[in-house]
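# Descriptive structure summary
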Amino acid sequence: MYQSFAGVYDALMAQVDYAAWAAHYDALMQHCGVKKGAKCVECACGTGSLTVPLARMGYQMTGVDLSQDMLFEASKKARKAGLEMPFVRQDVRELHLH
């Protein structure tokens, strides 16, 4: 479904300030007692534009998405940032994580 879309998704979403969103989520998680280093999952992570900055902030991120093509782009983005994290193809409506 997202095969053609995955390659252009980031260009279409260029106006989104993912760094600001990551900072917002970081503040929310800290407010709720989630400490840096905690294991976190981003459901419907797409190309990892939020997953990667949160990992840079110190969270142990896992990205989950239904689209293998989106996950491929997310993996490339993480590697380019020098990060290793799992990206899992799964339907978040039936989420199963260990």
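Up top you'll find the structure we're talking about.
Predicted model only: the values in this text are computed from it and were never measured.

Let us now look at the overall build of the protein chain. A tally of helices and strands in the protein chain yields five helices and three strands. Relative to the compact-globule value of 13 Å for 98 residues, the protein chain shows a C-alpha radius of gyration of 13 Å, a close match. Based on the C-alpha atoms only, the size of the protein chain along its principal axes is roughly 40 × 30 × 25 Å. Burial status across the protein chain gives 34% buried among its 98 residues. For the protein chain, the computed accessible surface area is about 6400 Å², with 56% contributed by carbon and sulfur atoms.

By the alternation rule, side chains of strand β1 (residues 39-43) split into C40 and E42, which are all buried, and K39, V41 and C43, of which none is buried. Note that β1 and strand β2 (residues 60-65) share five bridges and pair parallel. When the sheet's bridge partners are listed, V41 is paired in β2 with T62. What joins β1 to β2 is helix α4 (residues 51-56), and the crossover it makes is right-handed.

Before going further, it helps to spend a moment on the sheet that holds β2. Taken together, three strands build an open sheet; the order of strands is β1-β2-β3 and the sheet is parallel. Taken across any chain shown, the strands that pair with only one partner, and hence form the sheet edges, are β1 and β3 (87-89). Within this sheet the neighbouring strands show an average axis-to-axis angle of 25°, counted without direction. The pairing of β2 with β3 spans three bridges and is parallel. Looking across to β3, one finds that G63 is bridged to F87. Packing against the sheet, helix α5 (residues 68-80) makes contact with β2 and β3, and its axis sits at approximately 175° to β3.

Conventions adopted
- Residues numbered from 1 in each chain as written.
- Predicted model: local features only at pLDDT ≥ 70, side-chain atom pairs only at ≥ 80, totals over all residues.
- Heavy atoms only, no water.
- Helix = DSSP H or I, 4+ residues; strand = E, 2+ residues; numbered from the N terminus.
- Rg over C-alpha atoms; globule rule 2.2 N^0.38 Å.
- Buried < 20%, exposed > 50% of the residue type's maximum accessible area, 1.4 Å probe, protein only.
- Areas by Shrake-Rupley, 256 points an atom, 1.4 Å probe, with all protein chains shown as cover.
- Pairing = 2+ DSSP bridges.
- Right-handed = clockwise from strand over helix to strand, strands pointing away.
- Axes fitted to C-alpha atoms, helices over the stretch in contact; angles between N-to-C directions.
- Contact = heavy atoms within 4.5 Å.

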